[in-house]
Amino acid sequence: MPHSCCIIKCTSRAKKGEVSLHRIPKWPLDRREKWLSAIKRKDPTATNQQWTPTASHRVCGKHFITGKPHENKQHPDYVPSKELGYGTTNRSRDTSVRRFTSRERRQEKIDRETAAKALIQLQQSVDSVSAELDERTKDVGTQTDGSVSDIVEKCVRDCLNLRGILAELREENNKLKRDLADQRFTFNNVKKDIHFFAGVTIDCFTFLSTELAPVLQNKSISCDDQLLLVLMKIRHFSSNIDLALRFRISNSSVARVIHKVIPVSQSAHVNRMLMLHGSISLHPVLATFLRPLIVWRERDVCQRNMSSLFKCFPNVISTIDCFEVPFSRPDGLTARAQTWSNYKHCNTVKFLISITPCGAISFVSAGWGGRVSDKQITCDSGFLDKLEHGDEILADRGFLISSECAARGVTVHLPAFTKGKKQLTGKEVVTSRQLSRLRIHVERVIGFVKKYKILQGRLTINLVPLLDDIVVIVAGLVNLQPSLLPS
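Residues numbered from 1 in each chain as written. Predicted model: local features only at pLDDT ≥ 70, side-chain atom pairs only at ≥ 80, totals over all residues. Heavy atoms only, no water.

Draft legend 1. The arrangement of the overall build of the protein chain in detail. When its secondary structure is counted, the protein chain shows 16 helices and nine strands. Looking at the protein chain residue by residue over its 487 residues, the buried ones come to 38%. Only carbon and sulfur atoms are counted for the fraction: they give 53% of the accessible area of the protein chain, which is about 29400 Å². (Helix = DSSP H or I, 4+ residues; strand = E, 2+ residues; numbered from the N terminus. Buried < 20%, exposed > 50% of the residue type's maximum accessible area, 1.4 Å probe, protein only. Areas by Shrake-Rupley, 256 points an atom, 1.4 Å probe, with all protein chains shown as cover.)

The following block contains the structure:
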């Protein structure tokens, strides 16, 4: 494509052997602005706006003093300045070029003189250093054999001193390593505060660790630390990242330890409701070990170990109540509806718990959706199958199971209902007060269970399949503690 000069009133075109054409620079921006200011063309499509050149616009060499642009900012041809078509002056531009050339020659001469002076100074420095080295060499050559032996002895002494310093540094390094190991979060370092971190006594923890040692084998974390990690997760509801930083293992290792020690129950109702079935078949370590501690006691055993508070109800073998554990809202609409609790105003998992007259937990049901009634969870959890003819249980008004228990020959003591009555009889008032004083102890046990903060906070969906076994572990650990009821 042929090019022509974009300067006003200039007719130069690109022809071989004639004037040269040059592009308008795009960079740097200040040079481009200077070129456009020198050209002084206006935008034909808009009024009073600066002209914007395209990639095909050129400026010929006639508009430069030397015939072409120069890259030096001080050179007159850094910007076109000749025959620009808008009243150019008659003053010759050759003087500017001569001044620029003279200025460059003077600067070049100054640079050469400076370099020559630097070379002379460097040569003088080298000569002085060489003379000094020669003198030292002559002095060394004239030394006697005695001075040489002194130098050798000095070197030996320095070597021995350095060896001593090296030994001290190694000892200090080993001490720092031992101190660093003592600062790590391990069972041995927190043994004195184990009840705060794990919620059990040191004897109980040692017993559990000894029994579970053959199963809890891991190269990156010891058996004691695995057990401590799981108990801290249950006791304080610590996040996996917090546990990973404390025990100096990866986040995935923490998850593997938790899912190894707290397995997924195979018969969890909540799992079916949330449709969280999967191919998870982990060995039931801690939950299986602690489940036998939740024992249903016969009537004669309960009577022998009964607290003095229950003497007014000598045949009572159980006090029952329900508690709920909140968790994050599930995605499925059916699961969301089945787990909604009008009492807690959130999605929960509901458990039935039973305590003996001595304060021990004797039964814990599987988890149910928070929408289920107290009657349904009592009838369908298998609790009634453990009762025998002549047994008595204490319950709250919500447990409307009198007819079901009567069919088995079991008596249910409930607080008196005021519906349809103007007031309660004297006997009903006394009985209701006695029941309230006794039923408060199951609330105390539930409060002790809720001290394990994993049952207080709102669980994430991925922990819901573990909830049945977590409740079993907590109940077993509570039974290992001293009873809340007096003997």
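Draft legend 2. Representation of helix α16 (residues 467-479) in the model. Under the 1.5 Å per step criterion, the end-to-end length of α16 is 18 Å for 13 residues, consistent within 8% with the ideal 18 Å. Buried residues of α16: L467, D468, D469, I470, V471, V472, I473, V474, A475, G476, L477 and V478, and no others. (Expected span 1.5 Å × (residues − 1).)

Draft legend 3. Seen up close, the pattern of salt bridges. Applying the stated criterion across every chain yields a total of eleven salt bridges. Here E108 ties to R112 by a salt bridge, and the two come within 3.3 Å at their closest N and O atoms. Taken together, the positions of E108 and R112, both in helix α2 (residues 94-141) and four residues apart, correspond to about one turn of that helix. Taking the relative accessible area as the measure of exposure, E108 reaches 46% and is therefore partly exposed. Judged by its relative accessible area of 52%, R112 falls in the exposed class. Ionic contacts of the salt-bridge type, sharing partners, join the residues D321, R439 and E443 into one network. (Salt bridge = Lys/Arg side-chain N within 4 Å of Asp/Glu carboxyl O.)

Draft legend 4. Region of interest: the pairing of strand β3 (residues 316-326). Among the eleven residues of β3, eleven are classified as buried, and the element is accordingly described as predominantly covered. Where β3 meets strand β5 (residues 346-355), eight bridges bridge the pair, whose relative direction is antiparallel. Paired with T319 across the strands is I355, a residue of β5. (Pairing = 2+ DSSP bridges.)

Draft legend 5. Quick look at the environment of F383. By the secondary structure assignment, F383 is in the loop between α13 (374-380) and β8 (392-394). On the accessibility criterion, F383 (0% relative accessible area) is buried. Between the C-alpha atom of F383 and that of I320, which follows or precedes it by 63 residues, the distance is 9.8 Å. Once residues within four sequence positions are removed from consideration, F383 is found in contact with W296, S318, I320, L352, S354, F363, T378 and I393. (Contact = heavy atoms within 4.5 Å.)

Draft legend 6. Geometry of the pairing of strand β6 (residues 361-364). Here three bridges tie β5 to β6, and the two strands are oriented antiparallel to one another. Opposite S354, over in β6, you have F363 as the bridge partner. Two successive antiparallel strands, β5 and β6, enclose a turn made up of five residues, where G359 displays a positive phi of approximately 100°.

Draft legend 7. The arrangement of the nonpolar core in detail. Formed by 65 residues in total, the largest nonpolar core has its most connected members in L228, L229 and I361. Examining the composition of this core, we find that nine residues originate from one element, α16, more than from any other. Grouped together as the second largest cluster of nonpolar side chains are 21 residues, C302, L352, W368 and V412 included. (Core = buried A, V, L, I, M, F, W, Y, C linked by side-chain atoms within 4.5 Å.)

Draft legend 8. Up close: helix α6 (residues 223-236). Between its first and last C-alpha atoms α6 spans 20 Å; for 14 residues at 1.5 Å apiece the expected length is 20 Å, and the two agree. Buried residues dominate α6, accounting for twelve of its 14 residues. Along α6, the residues that are buried comprise C223, D225, Q226, L227, L228, L229, V230, L231, M232, K233, I234 and R235. Elements in contact with the buried residues of α6: α4 (194-198), α5 (202-212), α7 (240-247), α8 (251-261), α10 (286-290) and α16. One or two positions beyond α6, positive phi appears at F237, with a value near 55°.

What is shown is where atoms sit, not what they do.
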